[in-house]
Amino acid sequence: MDVHEYQAKELLASCGVAVPPGTVAFSPDQAVYAATELGGSHWVVKAQIHAGARGKAGGVKLCRTYHEVQQAARELLGKRLVTKQTGPEGKPVQRVYVELADPYERELYLGFVLDRKLERVRVIASKHGGMEIEEIAKTDPDAILQVIVEPAVGLLPFQARELAFQLGLNLKQVSRAVQSILGAYRAFRDNDATMLEINPLVVTKDDKVLALDAKMSFDDNALFRRRNIVDMNDPSQSDPREAQALEHSLNYIGLDGEIGCIVNGAGLAMATMDMIKHAGGNPANFLDVGGGASAERVATAFRLVLSDANVKVVLVNIFAGINRCDWVAQGVIDAVKATNITAPLVVRLAGTNVEAGRKLLDESGINVITADSLADAAQKAVAAWRSVK
């Protein structure tokens, strides 16, 4: 789960990380009011979406008057902002963040990521702030500083000080940078985050160290104990199909292909997508209905897959272990009758009660293409797609 910049900054500030004063606004008038409350003479109006590279896409505007603040908010609110991280469809801007713009002298990079291979938190820092970490690694790999955190003791002050000195900060700046680094680690650890990026972390003329931008992602499996994070969720930033799938405890990720997939088990779902590609087709989604693929869940999965207008063929691939093939077959029959599906339907069943499942499909009267193996199912699904195409 991702959150907006202003929400990430709230979490950082609660852990002692210094951030510039700012206020979220949902209308141009609110943006002007926020600027008047913040004071000062320069403000930045930032589009709040779950994606980076907003500045290059025109989503960050520097303003010198209240009129410019109002105009910037009016231009951004209601717009679909397209960046290199959103894809061509972009993301809707439903709120902006009005922040006091003070001059600064240096930009630094600070990031925290969960290294799954090492099972440790990896801290990444660089003197080159304002750039994507991938660009830094490509152009100047020696500029990337890294610290592996031992979970038994956490990030220690001396490690934060070493990072601060390696970033070329003076003594006064080092003490404030250490506070920000340790505070950012606490925000990462205490909220079950998987990624925290402060880019840039800036140094001002009066030696302040501020988080000018912030991005955070959280472990979905830990949200049950992080209700404060759940409350920050913005459904408008995610695929509505994925939100609907979440309500029914289905694992769904939308793709840009034409062959819809309904599969039980994440590994089998990945293998099904690979086989479709190998056969010359493109999967429209990843969909794992789980081990308990009951008739109701399969019917829900059908409605979800068919809500994608790009889907021309539906492939059902079920290996029954915990569940039973006859249950899945009944779900397929119910779904076809309820949705009046016109797209070709390919079904491959294997495992518990497979003969009973196939018999149900044969006697149902619905138009279905049966397959004996995963490769056979993929080939038949691609052939059906080509015939439709």
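Residues numbered from 1 in each chain as written. Predicted model: local features only at pLDDT ≥ 70, side-chain atom pairs only at ≥ 80, totals over all residues. Heavy atoms only, no water.

Looking at an unreviewed UniProt entry, the protein chain carries the name Succinate--CoA ligase [ADP-forming] subunit beta, with the source organism given as Methylosinus sporium. UniProt, in its Sequence similarities (unreviewed entry) section for the protein chain, records the words "Belongs to the succinate/malate CoA ligase beta subunit family." Quoted straight from UniProt, the Subunit (unreviewed entry) entry for the protein chain says "Heterotetramer of two alpha and two beta subunits." (UniProt positions renumbered as here; feature names shortened; annotations may be inferred.)

Attention now moves to the environment of Tyr-109. With respect to the helices, strands and loops of the structure, Tyr-109 is situated in strand β7 (residues 104-115). Residue Tyr-109 is classed as buried on the basis of its relative accessible area, which comes to 5%. Measuring from C-alpha to C-alpha, the distance between Tyr-109 and Leu-315 comes to 45 Å, with 206 residues separating the pair along the chain. Sequence-distant contacts of Tyr-109, defined by excluding residues within four places in its chain, comprise Ile-124, Ala-125, Ser-126, His-128, Gly-129, Met-131, Ile-133, Glu-197, Ile-198 and Asn-199. There is a polar contact of 2.7 Å between the side chain of Tyr-109 and the side chain of Glu-197. (Helix = DSSP H or I, 4+ residues; strand = E, 2+ residues; numbered from the N terminus. Buried < 20%, exposed > 50% of the residue type's maximum accessible area, 1.4 Å probe, protein only. Contact = heavy atoms within 4.5 Å. Polar contact = N/O pair within 3.5 Å; in protein donor to acceptor, adjacent residues only side chain to side chain.)

This brings us to the environment of Glu-132. As for its position among the elements, Glu-132 is in the loop between β8 (120-126) and α4 (133-139). Put simply, Glu-132 and Tyr-109 are 23 residues apart on the chain and 9.0 Å apart in space, counted from C-alpha to C-alpha.

UniProt feature "binding site: ATP" (unreviewed entry): in the numbering of this structure it lies at Lys-46, Glu-99, Asp-102 and Glu-107. Checking the named residues against the second largest pocket, the ones that line it are Lys-46, Glu-99, Asp-102 and Glu-107. Tracing the chain through its elements places Glu-99 in strand β6 (residues 96-100). Residues in contact with Glu-99, not counting those within four places in the same chain, are Glu-5, Lys-9, Pro-20, Pro-21, Gly-22, Leu-38, His-42, Trp-43, Val-44, Lys-46 and Leu-212. Only 3.0 Å separates the side chain of Glu-99 from the side chain of Lys-46, close enough to count as a polar contact. In this structure, Asp-102 sits in the loop between β6 and β7. (1 Å grid on protein atoms, 1.4 Å probe; cavity = no way out; pocket = protein on both sides within 12 Å on 5 of 7 lines; lining within 4 Å.)

The next subject is the pattern of salt bridges. Under the criterion given, the structure shown has 19 salt bridges. Between Arg-54 and Glu-5 there is a salt bridge, with its nearest N and O atoms 3.0 Å apart. Placement of Arg-54 in the loop between β2 (43-47) and β3 (60-63) and of Glu-5 in helix α1 (residues 5-14) is noted, with a sequence separation of 49 residues between them. Each member of the pair Arg-54 and Glu-5 is classed as buried. (Salt bridge = Lys/Arg side-chain N within 4 Å of Asp/Glu carboxyl O.)

A separate point is the packing of helix α11 (residues 325-339) against helix α12 (residues 354-364). Running from amino to carboxyl end, α11 crosses α12 at an angle of 20°, the nearest separation of the two axes being 7 Å. In terms of orientation, α11 lies roughly parallel with respect to α12. You can see that α11 and α12 cross each other, and the crossing is right-handed. When α11 is examined against α12, the residues Cys-325, Asp-326, Ala-329, Gln-330, Val-332, Ile-333 and Lys-337 are found in contact with a partner set consisting of Val-354, Ala-356, Gly-357, Leu-360, Leu-361 and Ser-364. (Axes fitted to C-alpha atoms, helices over the stretch in contact; angles between N-to-C directions. Parallel < 35°, antiparallel > 145°, perpendicular 65-115°, else oblique. Left-handed = near helix turned anticlockwise from the far one by under 90°.)

A few words now on a nonpolar patch on the surface. Taken together, Val-153, Leu-156 and Phe-158 make up a surface patch of nonpolar side chains, about 250 Å² in accessible area. By secondary structure assignment, the location of Phe-158 is in helix α5 (residues 157-166). (Patch = residues over 30% accessible without salt bridge, like charges linked within 9 Å, V, L, I, M, F, W, Y side chains within 5 Å. Areas by Shrake-Rupley, 256 points an atom, 1.4 Å probe, with all protein chains shown as cover.)

This part takes up the nonpolar core. Leu-12, Phe-112 and Leu-155 are the most contacted members of the largest nonpolar core, which totals 44 residues. Among residues more than four places away in sequence, those in contact with Leu-155 are Phe-112, Val-123, Val-147, Val-149, Ile-181, Leu-182 and Tyr-185. Core analysis: the next-biggest nonpolar cluster, separate from the first, contains 34 residues, Ala-245, Ala-299, Leu-304 and Leu-345 among them. (Core = buried A, V, L, I, M, F, W, Y, C linked by side-chain atoms within 4.5 Å.)

Under the local residue numbering, the UniProt record ascribes the feature "binding site: substrate" (unreviewed entry) to Asn-264. Inspection of the secondary structure puts Asn-264 in the loop between β14 (259-263) and α9 (266-278). A relative accessible area of 8% places Asn-264 in the buried class. A polar atom in the side chain of Asn-264 sits 2.8 Å from the backbone oxygen of Phe-319.

A few words on the sheet that holds β2. Pairing in this open sheet of four strands is antiparallel, and the strands run β1-β6-β2-β3 from one edge to the other. Single-partner strands in this sheet number two, and they are β1 (22-25) and β3. Averaged over all neighbouring strand pairs, the angle between strand axes comes to 20°, with direction disregarded. Pairing analysis gives four bridges linking β1 to β6, with the strands arranged antiparallel. Paired with Ala-25 across the two strands is Val-96, which belongs to β6. Docked against the sheet, α1 engages β1, β2 and β6, running at close to 50° with respect to β6. (Pairing = 2+ DSSP bridges.)

Time to look at helix α3 (residues 66-76). All of the buried residues along α3 are Val-69, Ala-72, Ala-73 and Leu-76. Along the axis of α3, the buried residues cluster in a sector spanning 95°; they form a single face. Considering only its buried residues, α3 is in contact with α2 (28-38), β2, β3 and β6. (Arc of directions from axis to C-beta.)

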